[in-house]
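For reference, the chains in residue letters:
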Amino acid sequence: MPPILQHVQQATKMMSRRKILLLVLGCSTVSLLIHQGAQLSWYPKLFPLSCPPLRDSPPRPKHMTVAFLKTHKTAGTTVQNILFRFAERHNLTVALPHPSCEHQFCYPRNFSAHFVHPATRPPHMLASHLRFDRAELERLMPPGTVYVTILREPAAMFESLFSYYNQYCPAFRRVPNASLEAFLRAPEAYYRAGEHFAMFAHNTLAYDLGGDNERSPRDDAAYLAGLIRQVEEVFSLVMIAEYFDESLVLLRRLLAWDLDDVLYAKLNARAASSRLAAIPAALARAARAWNALDAGLYDHFNATFWRRVASAGRACVEREARELREARERLLRRCFGEEPVLRPAAQIRTKQLQPWQPSRKVDIMGYDLPSGGAGPATEACLKLAMPEVQYSSYLLRKQKRRGGVRARPEPVLDNPPPRPIRALPRGLQGH
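No experiment lies behind these values; they were computed from the predicted model shown. (Residues numbered from 1 in each chain as written. Predicted model: local features only at pLDDT ≥ 70, side-chain atom pairs only at ≥ 80, totals over all residues. Heavy atoms only, no water.)

J.: Mind laying out the pairing of strand 6 (residues 146-151), listing which residues take part and the relevant values?
T.: On any regular strand, side chains alternate: one points to one face of the sheet, the next to the other face. Most of strand 6 is tucked away: 6 of the 6 residues are buried. Taking every second residue as pointing to the same face, both faces of strand 6 are buried, with Val146, Val148 and Ile150 on one and Tyr147, Thr149 and Leu151 on the other. As defined by bridge partners, strand 3 (residues 66-69) adjoins strand 6 across 4 bridges and the pair is classed as parallel. Following the sheet pairing, Ala67 is matched in strand 6 by Tyr147. By the bridge criterion, 4 bridges tie strand 6 to strand 7 (residues 237-240) in an arrangement that is parallel. Within strand 7, the position partnered with Val148 by the bridge is Leu237. (Buried < 20%, exposed > 50% of the residue type's maximum accessible area, 1.4 Å probe, protein only. Helix = DSSP H or I, 4+ residues; strand = E, 2+ residues; numbered from the N terminus. Pairing = 2+ DSSP bridges.)

J.: A description of the layout of surface pockets should follow, citing residues and the corresponding values.
T.: Of the volumes computed, that of the largest pocket is approximately 890 Å³. Lining the largest pocket are 43 residues, and of these Ala75, Arg152, Lys266, Asn268 and Ala269 sit closest to its centre. Mapped onto the lining of the largest pocket, the elements with two or more residues apiece are helix 2 (76-89), helix 4 (154-164), strand 9 (365-366) and helix 14 (388-403). With 4 residues, helix 4 is the single largest residue contributor to the lining of the largest pocket. Counted by class, the lining of the largest pocket contains 22 nonpolar, 11 polar and 10 charged residues. (1 Å grid on protein atoms, 1.4 Å probe; cavity = no way out; pocket = protein on both sides within 12 Å on 5 of 7 lines; lining within 4 Å. Points joined across faces, edges and corners; volume = space filled by probe spheres on them. Nonpolar A, V, L, I, M, F, W, Y, C, P; charged D, E, K, R; others polar.)

J.: Provide a residue-level description of the sheet that holds strand 7, including the pertinent values.
T.: Judged by pairing direction, the sheet is parallel, and its 5 strands sit side by side in the order 4-5-3-6-7 without closing on themselves. Of all strands in the sheet, those bounded by a partner on one side alone are strand 4 (94-95) and strand 7. Helix-sheet contacts for helix 2 involve strand 3, strand 4, strand 5 (125-126), strand 6 and strand 7, and the interaxial angle to strand 3 is about 165 degrees. (Contact = heavy atoms within 4.5 Å. Axes fitted to C-alpha atoms, helices over the stretch in contact; angles between N-to-C directions.)

J.: For the pairing of strand 3, give the residues involved together with the corresponding values.
T.: Here strand 3 shows a buried face lined by Val66 and Phe68 and a second buried face lined by Ala67 and Leu69. Sheet topology places strand 3 next to strand 5; 2 bridges connect them, and they run parallel. Across the sheet, Val66 pairs through a bridge with Met125, a residue of strand 5.

J.: Report on helix 8 (residues 221-234), specifying residues and quantitative values.
T.: End to end, helix 8 covers 21 Å across 14 residues, agreeing with the expected 20 Å (1.5 Å per residue, within 8%). Tyr223, Leu224, Gly226, Leu227, Ile228, Val231 and Val234 are the residues of helix 8 that are buried. Residues of helix 8 that are buried sit in contact with helix 3 (134-140), strand 6, helix 7 (204-208), strand 7 and helix 11 (292-312). (Expected span 1.5 Å × (residues − 1).)

J.: Hey, could you go over the state of the cysteines for me, with residue numbers and the actual values?
T.: Here the structure, examined in full by the defined rule, presents 2 disulfides. Across a sulfur-sulfur distance of 1.8 Å, Cys101 and Cys106 are joined as a disulfide pair. Disulfide Cys101-Cys106: torsion about the S-S bond near -65 degrees, hence left-handed. For the pair Cys101 and Cys106, a shared accessibility class is recorded, and that class is buried. (Disulfide = S-S within 2.5 Å.)

In structure tokens, the structure reads:
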């Protein structure tokens, strides 16, 4: 055989072996140890992405400055965890609340940069609950920050709010037998505008976005249109909770991240016994009518979302979403066993993974680590399932040590905010 043909044959064999290796890697879990400063992490890799960028588009560096408006009961805790882990892997500073605000930026007050712990400024990332204030956020976050938020279908969101905040929101506590149907039959009988935590009972999305949750599109259609324009001026992406994986595909494309960067475990999920399996159609209509401002926001941005999917190539986005789900399942099995299941907090042995419980009437589920685990893979799995309260506290301690401010006295906020929901006295829970 001529030498040139021998070289071609040898190269062909090597290429075949490489294809087989890539196939094996793509169908199984691959452990990677990534060393960045003192951090070691383990992540599965995806081979290859279904929808690579066009050849005439040079690859962009990963975007490192993100502000996520974490709306209530919209899967925002899961997005927050994705951002927290990305920030840790890249040694980025995460804006975290001052201790007077606990784990939210003094919500329900309008956000102020003064609510941010000094050890976490200037930040690259922000992802804790706040009420949106554009001027204050732009004062805090660096130029070029990408703003992102997430919305959820208003009827499903309201059912979740009613269940989760039933012991905190006075309007909900007034309802006999904690009946969502009774509330929606006559919400004005229970609701008092201006009460503490009243925003959980009426147009919560609009309130979180900085809007007036007492306005009605039926009475003032121009107000809804103006609020939509304000959101569109600021937010580069409005994710949709019902299409979470597709939303993450758009997010990773917007930020030039890898699909690996948006792998997740579902966090802050209620047990089946703590939620309605299905919302009856009449109840859903009543919830949307009572939360008409939220319904208008959701309907507009849901349509906008699908236009973005179409622009990116729907088949392409769906393939990436499928790959994300497959990789996520591999990761969950690697971290939490061959049959990973969400568990009640009382069954979770690892204290760092026990989710906070809003009341005795609501069970929030979480994951637990298999016994005997150790090393960087276990550490990465721990962070994957770590609830908001524990992760926020951990990041604050870490960033204070990094900044050398452990002994610095905490400034005292003028006009301290009302204590947030997590500070409700234990004696009130379940009554």
